[in-house]
Amino acid sequence: HENRECRIDALAQAWSVLSGVASSERAEAAMDQVESQLISDDERLVRLLTPPFVDTPRDPGYIRGYVAGVRENGGQYTHAATWVVRAMAQLGRRDRAAALLDLLNPVLHAATPAGCARYLVEPYVVAADVYGAEPHVGRGGWTWYTGSSGWLQRVALESVLGVQIEEGEVLVVAPCIPDDWPRFSVEWRLPGDRTTYEIVVANPGGCSAAVVAVTMDGETLVPCAGRARLPLRRDGARHQVEITLGEGGTKA
């Protein structure tokens with residue numbers, strides 16, 4: 001149709017992966033399109049959609065009330081951007097997931113004088129949106145009120161560092177970190193309890209594809225499908241966990 005308008009939308013693409021609706025081939029293709037059309041490393045942006053709605057024959061609703069590149073109309077909508085990181089991790093794109101997490105880090109938006117002059121909002125809180133069109137590319141939008149901060153924390157912990165509870169009974173550690181990360185550590189406390197897991201993850205061979213060795217309190221555990229599965233103990237104690245990454249294993 002001559003009036004049909006085609007746009008790529010980061011939210012739709014990410015959720016096609018996270019929901020499991022897309023086949024593996026379509027999931028990979030969807031995130032390839034997000035990479036090529038919506039992510040700008042130089043501008044530190046993951047745009048919600050492109051191009052913005054401007055003088056369009058069809059009415060997309062309230063988002064056209066924003067000028068081009070602001071909020072949902074072609075800017076970075078940070079909720080959706082965090083889900084893009086989560087989708088990248090779910091596809092096992094280890095190098096890219098962590099790099100995009102850095103891209104969203106508000107501190108790094110203002111790491112230089114030029115960055116501060118461009119970003120213009122508090123770098124110690126997450127902005128709900130970042131402008132995506134000239135002359136305000138890279139300027140932060142609404143801060144303080146957004147739930148994007150919670151999603152950014154969850155994606156960092158659960159999707160990149162790979163620490164999450166499964167069915168309330170097992171603590172799973174399945175990192176999705178770049179091969180050049182030598183190690184990281186997490187001190188994780190069971191919600192509503194004093195039980196603490198001190199987790200050290202080492203990557204001695206420069207390959208973070210899978211968990212290949214696990215110990216908990218000195219006891220050797222067997223990795224399962226490239227993941228560490230730790231018994232969740234509600235005993236108020238501190239538990240020492242050592243995990244080694246390497247080649248092999250398949251993350252299910």
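Note that this is a predicted model, so its numbers are computed, not measured. (Residues numbered from 1 in each chain as written. Predicted model: local features only at pLDDT ≥ 70, side-chain atom pairs only at ≥ 80, totals over all residues. Heavy atoms only, no water.)

### Comments concerning the environment of Glu-247
Mapped onto the secondary structure, Glu-247 falls in the segment after β14 (238–246). C-alpha of Glu-247 to C-alpha of Gly-141: the two residues are 106 residues apart in sequence and 42 Å apart in space. For Glu-247, the contacting residues outside a window of four places in its chain are Cys-207, Ala-209 and Val-212. (Helix = DSSP H or I, 4+ residues; strand = E, 2+ residues; numbered from the N terminus. Contact = heavy atoms within 4.5 Å.)

### Focus on the nonpolar core
Val-84, Tyr-197, Ile-199, Leu-230 and Ile-243 are the most contacted members of the largest nonpolar core, which has 51 residues in total. Here this core gets seven residues from one element, more than from any other, and that element is helix α3 (residues 78–90). Among all residues touching Val-84, those that are not within four sequence positions of it are Ala-10, Ala-14, Met-31, Val-34, Ile-39, Val-46 and Leu-100. Residues Leu-45, Tyr-119, Ala-127 and Val-130 belong to the second largest nonpolar core, which totals six residues. (Core = buried A, V, L, I, M, F, W, Y, C linked by side-chain atoms within 4.5 Å. Buried < 20%, exposed > 50% of the residue type's maximum accessible area, 1.4 Å probe, protein only.)

### Description of unusual backbone geometry
The omega torsion across Thr-50 and Pro-51 is -5°, close enough to zero to call that bond cis. Along the polypeptide, Pro-51 turns up in the loop between β4 (49–50) and β5 (76–77). Cis peptide bonds are those with omega within 30 degrees of zero, and the linkage from Glu-134 to Pro-135 qualifies with 5°. Within the secondary structure, Pro-135 sits in the loop between β6 (129–130) and α7 (148–160). Of note in the backbone geometry, Ala-225 takes a positive phi value of approximately 55° without being a glycine. Here Ala-225 shows up in the loop between β12 (219–221) and β13 (228–231).

### Digging into the sheet that holds strand β11 (residues 210–216)
The strand order across the open sheet formed by five strands is β9-β10-β14-β11-β12, and the pairing between neighbours is mixed. Edge positions in the sheet fall to β9 (183–189) and β12, since each has one partner strand and no second. Across the sheet, the axes of successive neighbouring strands diverge by a mean angle of 20°, strand direction being ignored. Sheet analysis places β11 next to β12, joined by three bridges and oriented antiparallel. In the sheet register, Val-214 faces β12, and the bridge partner there is Leu-221. (Pairing = 2+ DSSP bridges. Axes fitted to C-alpha atoms, helices over the stretch in contact; angles between N-to-C directions.)

### Here we look at the packing of aromatic side chains
In total, this model carries six aromatic pairs according to the counting rule given. An angle of 75° between the planes, with centres 6.3 Å apart, marks the rings of Trp-181 and Phe-184 as edge-to-face. You can call Trp-181 partly exposed: its relative accessible area is 30%. Residue classification places Phe-184 among the buried residues on the basis of a relative accessible area of 10%. (Phe/Tyr/Trp six-rings, centres within 6.5 Å; stacked < 30°, edge-to-face > 60°.)

### Looking at the pattern of salt bridges
Under the criterion given, the structure shown has 14 salt bridges. The salt bridge partner of Glu-158 is Arg-154, with a shortest N-O separation of 3.1 Å. With Glu-158 and Arg-154 both in helix α7, this residue pair falls four residues apart, about one helical turn. By relative accessible area, which is 16% here, Glu-158 ends up buried. (Salt bridge = Lys/Arg side-chain N within 4 Å of Asp/Glu carboxyl O.)

### Things to note about helix α2 (residues 24–37)
Taking 1.5 Å as the rise per residue, α2 with 14 residues should run 20 Å; its terminal C-alpha atoms sit 20 Å apart, in good agreement. When we look at burial in α2, the residues that qualify are Ala-27, Ala-30, Met-31 and Val-34. Down the axis of α2, the sector holding all buried residues measures 90°, keeping them to one side. Turned more than 90 degrees away from the buried face of α2, the exposed residues are Glu-25, Arg-26 and Ser-36. In this fold, the buried residues of α2 make contact with β1 (8–9), α1 (10–18), β2 (39–40) and α3. (Expected span 1.5 Å × (residues − 1). Arc of directions from axis to C-beta.)

### What to know about the packing of α1 against α2
Running from N to C, α1 and α2 cross one another at 155°; their axes reach a closest spacing of 9 Å. One way to sum up the angle between α1 and α2 is to call them roughly antiparallel. Viewed along their axes, α1 and α2 form a crossing whose handedness is left-handed. Where α1 approaches α2, its residues Ala-10, Gln-13, Ala-14, Ser-16 and Val-17 are matched on the opposing element by Ala-27, Ala-30, Met-31, Gln-33 and Val-34. Among the residues forming the contact of α1 with α2, the class breakdown is seven nonpolar, three polar and no charged. (Parallel < 35°, antiparallel > 145°, perpendicular 65-115°, else oblique. Left-handed = near helix turned anticlockwise from the far one by under 90°. Nonpolar A, V, L, I, M, F, W, Y, C, P; charged D, E, K, R; others polar.)

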